[in-house]
Amino acid sequence: MDWARVIERNLAALIRIVAMLIAMVEMGSGSMVALLPPSLYRAVSRMLLPTESAVRRLIAIAARGLKVKPSPVRPMPRGLAFAGKVGGQIAFQLFDTRQRFSRNSRRRASATAIPRIHVFADSPLIPLFQPRRPAENPIPEPPDDTIDATRLGRRLAAVKMALDNLPQQARRLARWKARRDRMQKPTFLSPFRPGPPPGHRKEPLEEIDFVLRECHGLARDALYEDTS
């Protein structure tokens, strides 16, 4: 297997796809962080999820056989939410978001929840209407026909940063592997969740679907070689 060629080909495809997504956002809003029409927001989100999955798998391929000095042991991440900003820099999430299959999926009562109580007037069928008091400093709400794309812009910036610094991301993953190997009972053994990757489609429709399918299969082979 020519791993260098695999990385080069898929990296070029992902850079092209991310550039297209950024152009779609900027064309629809004029900036990376702004309000987007719902149709454009959904179109970008639908392509961004498999793109992030493919980038994670490309990082795993690039980290194949990489040896680094392990950093100090620290607890495994919980929740695996979007990394956001760390130290003023955007960090790309190296792990798939885990699916929860707990049976206790009922929502817990919130400590700030207020019971809904209707006060009836003379007629028991007509509740007494009590309008909500206006806030002292109301926060302006976006128009009904737009969606706040701030988080979407951060995700795009994070995935672009990861592609621009692929060797650095590979070292991050290699350091995690080194920490994992030193742990007695790690929370999980793979950065990928079991089953199909996030954003996977059974029937490929876009270029990113083919890229994700190839990167997923090759990344599993790369991880297997590292653990065998």
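Further up the page is the structure itself.
These lines cover the structure that appears in this document, whether it is placed above or below. (Residues numbered from 1 in each chain as written. Predicted model: local features only at pLDDT ≥ 70, side-chain atom pairs only at ≥ 80, totals over all residues. Heavy atoms only, no water.)

This part covers the overall build of the protein. Helices and strands together make up the secondary structure of the protein, namely five helices and four strands. Going from N to C terminus, the protein has its helices and strands arranged as α-β-α-β-β-β-α-α-α. Residue burial in the protein is summarised as follows: out of 228 residues, 34% are buried. Excluding contacts between residues fewer than 6 apart, the proportion of contacts in the protein whose partners are at least 24 apart in sequence is 79%. When the accessible area of the protein is evaluated, it comes to approximately 15800 Å², of which 54% is carbon and sulfur surface. (Helix = DSSP H or I, 4+ residues; strand = E, 2+ residues; numbered from the N terminus. Buried < 20%, exposed > 50% of the residue type's maximum accessible area, 1.4 Å probe, protein only. Contact = heavy atoms within 4.5 Å. Areas by Shrake-Rupley, 256 points an atom, 1.4 Å probe, with all protein chains shown as cover.)

Let's shift gears to the packing of aromatic side chains. Throughout the structure, instances matching the rule amount to one aromatic pair. Here Phe95 and Trp176 contribute two aromatic rings whose centre-to-centre distance is 5.2 Å and whose plane-to-plane angle is 75°, an arrangement assigned as edge-to-face. In this pair, Phe95 is assigned in the loop between strand 3 (89-90) and strand 4 (147-148) and Trp176 in helix 4 (residues 166-182), connecting sequence segments 81 residues apart. Assessed through its relative accessible area of 10%, Phe95 is described here as buried. We classify Trp176 as buried; its relative accessible area is 2%. Residue placement shows Arg57 over the ring face of Phe192; its charged tip is 4.2 Å from the ring centre. (Phe/Tyr/Trp six-rings, centres within 6.5 Å; stacked < 30°, edge-to-face > 60°. Lys NZ or Arg CZ within 6 Å of the ring centre and 35° of its normal.)

Turning next to helix 4. Along an α-helix, residues three or four apart share an orientation, since each turn contains 3.6 residues. Here helix 4 spans 25 Å end to end across 17 residues, near enough to the 24 Å set by a 1.5 Å rise per residue. Among all positions in helix 4, only Leu166, Gln169, Ala170, Leu173, Ala174, Trp176, Lys177, Ala178, Arg179 and Arg180 are buried. (Expected span 1.5 Å × (residues − 1).)

This part covers the packing of helix 2 (residues 38-62) against helix 4. The N-to-C vectors of helix 2 and helix 4 enclose an angle of 80°; their axes lie 8 Å apart at closest approach. Classified by the angle between their axes, helix 2 and helix 4 sit roughly perpendicular to one another. Two secondary-structure elements touch here, helix 2 through Leu58, Ile59, Ala60 and Ala62 and helix 4 through Leu166, Gln169, Ala170 and Leu173. Considering only residue class, the contact of helix 2 with helix 4 consists of seven nonpolar, one polar and no charged. (Axes fitted to C-alpha atoms, helices over the stretch in contact; angles between N-to-C directions. Parallel < 35°, antiparallel > 145°, perpendicular 65-115°, else oblique. Nonpolar A, V, L, I, M, F, W, Y, C, P; charged D, E, K, R; others polar.)

Tallying each qualifying case throughout the model produces nine salt bridges. A salt bridge links Arg57 to Asp96; its shortest N-O distance comes to 2.5 Å. With Arg57 in helix 2 and Asp96 in the loop between strand 3 and strand 4, the pair connects residues that are 39 residues apart, well separated along the chain. In terms of burial, Arg57 and Asp96 fall into one category: buried. A salt bridge links Asp181 to Arg180; the nearest nitrogen and oxygen atoms lie 3.2 Å apart. Overall, the relative accessible area of 55% leaves Asp181 in the exposed class. Residue classification places Arg180 among the buried residues on the basis of a relative accessible area of 10%. (Salt bridge = Lys/Arg side-chain N within 4 Å of Asp/Glu carboxyl O.)

With that settled, the discussion passes to the nonpolar core. Leu14, Leu21, Val44, Val55, Phe92 and Val211 are the most contacted members of the largest nonpolar core, which totals 49 residues. Looking at this core, the elements that each hand over two or more residues are helix 1 (3-29), helix 2, helix 3 (150-164), helix 4 and helix 5 (207-227). It is helix 1 that contributes the most residues to this core, 12 residues altogether. (Core = buried A, V, L, I, M, F, W, Y, C linked by side-chain atoms within 4.5 Å.)

This part takes up the packing of helix 2 against helix 3. Between helix 2 and helix 3, the shortest axis-to-axis distance is 10 Å and the interhelical angle comes to 30°. Overall, the two elements helix 2 and helix 3 adopt an arrangement that is roughly parallel. For helix 2 against helix 3, the interelement crossing comes out left-handed. Taken together, the residues of helix 3 that come into contact with helix 2 (itself represented by Tyr41, Val44, Ser45, Leu48, Leu49, Thr51, Glu52, Val55 and Leu58) are Leu152, Arg155, Leu156, Val159, Ala162 and Leu163. (Left-handed = near helix turned anticlockwise from the far one by under 90°.)

For helix 3, with 15 residues, the first-to-last C-alpha span of 21 Å sits near the 21 Å given by 1.5 Å per residue. All buried positions along helix 3 are accounted for by Leu152, Gly153, Arg155, Leu156, Ala158, Val159, Ala162 and Leu163.

Turning our attention to the environment of Val25. Here Val25 shows up in helix 1. A residue is classified by how much of its surface remains accessible, and Val25, at 1% relative accessible area, is buried. Placed 127 residues apart in sequence, Val25 and Leu152 show a C-alpha to C-alpha distance of 9.2 Å.

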